[in-house]
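# Tertiary structure, described
Chain residues, written in single-letter form:
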Amino acid sequence: METLLQQIINGLSLGSVYALIAVGYSLVYSILLFSNFAHGGFLVIGGYVCYFFLGGYFLSNFFEGGVGTNIWVAAAAALVGAGLSAVIVEKLAYKPIRERTPVTLYMLIASMGMNIVIENIFVVTIGGRYRALPSVIPMKPVSVLGVATTSQFDLLALATAVVFLVGLQIFLSRTKWGLAIRAASYNLRTAGLMGVNVNRLISLVFFVAGMLAAIGGIFLSARYTLYPQLGAITTKAFVAAVIGGLGSLPGAVAGSLILGLAEMLATGFVSSQFRDLIVFVLLIVTLIVRPAGLFGKSVGEKV
Amino acid sequence: MQNAASAGAEAPILSVRNLSVNYGAIRALKGASLDVYRGEIVAVIGANGAGKSTMMNAIMGDIARAGGEILLGGAPLPARSYQVVGAGVSLAPEGRRVFAPLTVRENLEIGAFPLSDRSEIEEQMQRVFNLFPRLEERRSQYAGTLSGGEQQMLAIGRALMAKPKVLLLDEPSLGLAPIIISEIFKELALINRTLGMTILIVEQNARKALLLSNRAYVLQTGNITMEGASGDLLNNPEIEEAYLGGRKK
């Protein structure tokens, strides 16, 4: 019973971090109809920006010994940094393609390339070693209702993800650009005919996706460590987005929570070695039973 | 039916000059020209594949022009869609293309995207609701659940939301029952009369389009082959033969 409750909380926490990443995959997919595999790169960029701000490495030229910023400044910088890099990646790699051809498969391939590029920029410039984030996120154990123990970290991750997901939902449902994004996710060209600057809208979507990935990056690099290939973890979030139905935001969140719970319950009751097995079994079962995903609409070809 | 063109002095509000569009090696429009004057309804009729929709999409900046120019009120019309709408030209596209997962209200709101004044948007929405009371009844309903006729009303209302100087309509009769078509066309005449809206309409249903419009152009495989007052074209034996079903011979 104790283990169950504990693993449910841990699962929700892990799932909520997946959700931040999965929502980014789904947002981009809903507008441009391709899976942006450079998404993991944005996560890594967010992680490194946060790491370097915390360590004060950016300011060491100006201040003796360097002055580390606090986690709020570092996190804000990470969000903006990853958001801007996502916009730049779109302009560099995807825009030239989407302006020439309606075939989205080429963007998918370009995104795989950009993922390798981002990873290796880090390997070449600052090296591939594992780095631990300074301990700015509290990790102390917390007792939940007196029956289970979890960590402050897990609760914080869960709360942060909820805040950002609710914020995203409010942005999409209450603002003018949010409405434009929802319209564009149904039909991008028609949204353009309504007077929406489509290129600006796409940049905005990438910025938001990059920001959300950065939050995931900060929490994941604090939970594990930071290294250039950390972005590979987004595979799980991608699987979650597919289970939920690519292009659907509620689907991405639902899929992520299911995946997080499944992973943690498998860890708690079977063995942690079964985590990944469970993830892919869930994916395969979903694709057989409901190819469009839980909340998916079209069963057409997805790339 | 007054003919604004014969008023003489006034310059056309929308002027398409030598517009050409290519799809790869296929020349869809080969230098088509037409003028629309303030307050007029101008129709472009032609068979399937004559280039009617191509012309609309090229005006809207949705497809690239290969040559020619488009003037709005004497100034060149920008090339990108969002700038075209901002400049004052809106399109109710072929096949309606309403945003099915958005509500009627949201569809109208997105139509007003270039406007930023909240009260101006509300005012315009009320105007659209007055024209199409059916849309007001269904304001909270998803656009995908509307009937074809209602979706067409929504597409027209959505285009009106941006307060255009010229309203473009691409095949508003497509896929609708005759009685609904009559209703839509009655509404278009009303929009023209009460709002003073200038309308450029392309239609396969030539008879309806000629009855509605003041002047008309005939588009044939990418060229304008005939133009004139709609009443004259309606009685032209050639037009009758080719586009109106040629009753008697």
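Everything that follows concerns the structure shown earlier in this document.
Residues numbered from 1 in each chain as written. Chains lettered and ligands numbered in written order. Predicted model: local features only at pLDDT ≥ 70, side-chain atom pairs only at ≥ 80, totals over all residues. Heavy atoms only, no water.

## Side note on the interface of chain B and chain A
- With 24 residues of chain B at the interface, the matching set in chain A holds 18 residues.
- Buried surface at the junction of chain B and chain A, both sides included, amounts to about 2000 Å², of which 66% is carbon and sulfur.
- A per-residue breakdown of the area chain B buries against chain A is headed by Y82(B), F99(B) and F113(B), which together make up 34% of the total.
- Measuring nitrogen to oxygen at the nearest pair gives 3.0 Å for the salt bridge that ties E106(B) to R182(A).
- Linking chain B with chain A are six residue pairs in polar contact (both at pLDDT 80 or more), by the criterion used here.
- For the side of chain B that touches chain A, the secondary-structure elements that each account for two or more residues are α2 (81–87) and α3 (104–111) of chain B.
- Among the elements that take part in the side of chain B that touches chain A, α3(B) stands out by supplying four residues, more than any other.
- Among the residues making up the side of chain B that touches chain A, the classes are represented as 15 nonpolar, three polar and six charged. (Contact = heavy atoms within 4.5 Å. Buried area = accessible area lost by both parts, 1.4 Å probe. Salt bridge = Lys/Arg side-chain N within 4 Å of Asp/Glu carboxyl O. Polar contact = N/O pair within 3.5 Å; in protein donor to acceptor, adjacent residues only side chain to side chain. Helix = DSSP H or I, 4+ residues; strand = E, 2+ residues; numbered from the N terminus. Nonpolar A, V, L, I, M, F, W, Y, C, P; charged D, E, K, R; others polar.)

## Concerning the sheet that holds strand β9 (residues 215–220) of chain B
Residue and element names in this part refer to chain B.
- The sheet built from six strands is open, its strands ordered β6-β7-β8-β3-β9-β10 with mixed pairing. At either end of the open sheet lies a strand with only one pairing partner, and these are β6 (89–92) and β10 (223–229). Adjacent strand axes in the sheet meet at a mean angle of 20° when their direction is disregarded.
- Of the pairings in the sheet, the one linking strand β7 (residues 166–170) to strand β8 (residues 198–203) comprises five bridges and is parallel in character. Each bridged residue has a counterpart across the sheet, and for L168 the counterpart in β8 is L200.
- Each of β3 (41–45), β6, β7, β8, β9 and β10 is contacted by helix α1 (residues 52–59), which is oriented at about 145° to β8, the strand it contacts most.
- Docked against the sheet, helix α7 (residues 178–195) engages β3, β7 and β8, running at close to 155° with respect to β8. (Pairing = 2+ DSSP bridges. Axes fitted to C-alpha atoms, helices over the stretch in contact; angles between N-to-C directions.)

In short, the description is geometric, and any link to function would need to be established separately.
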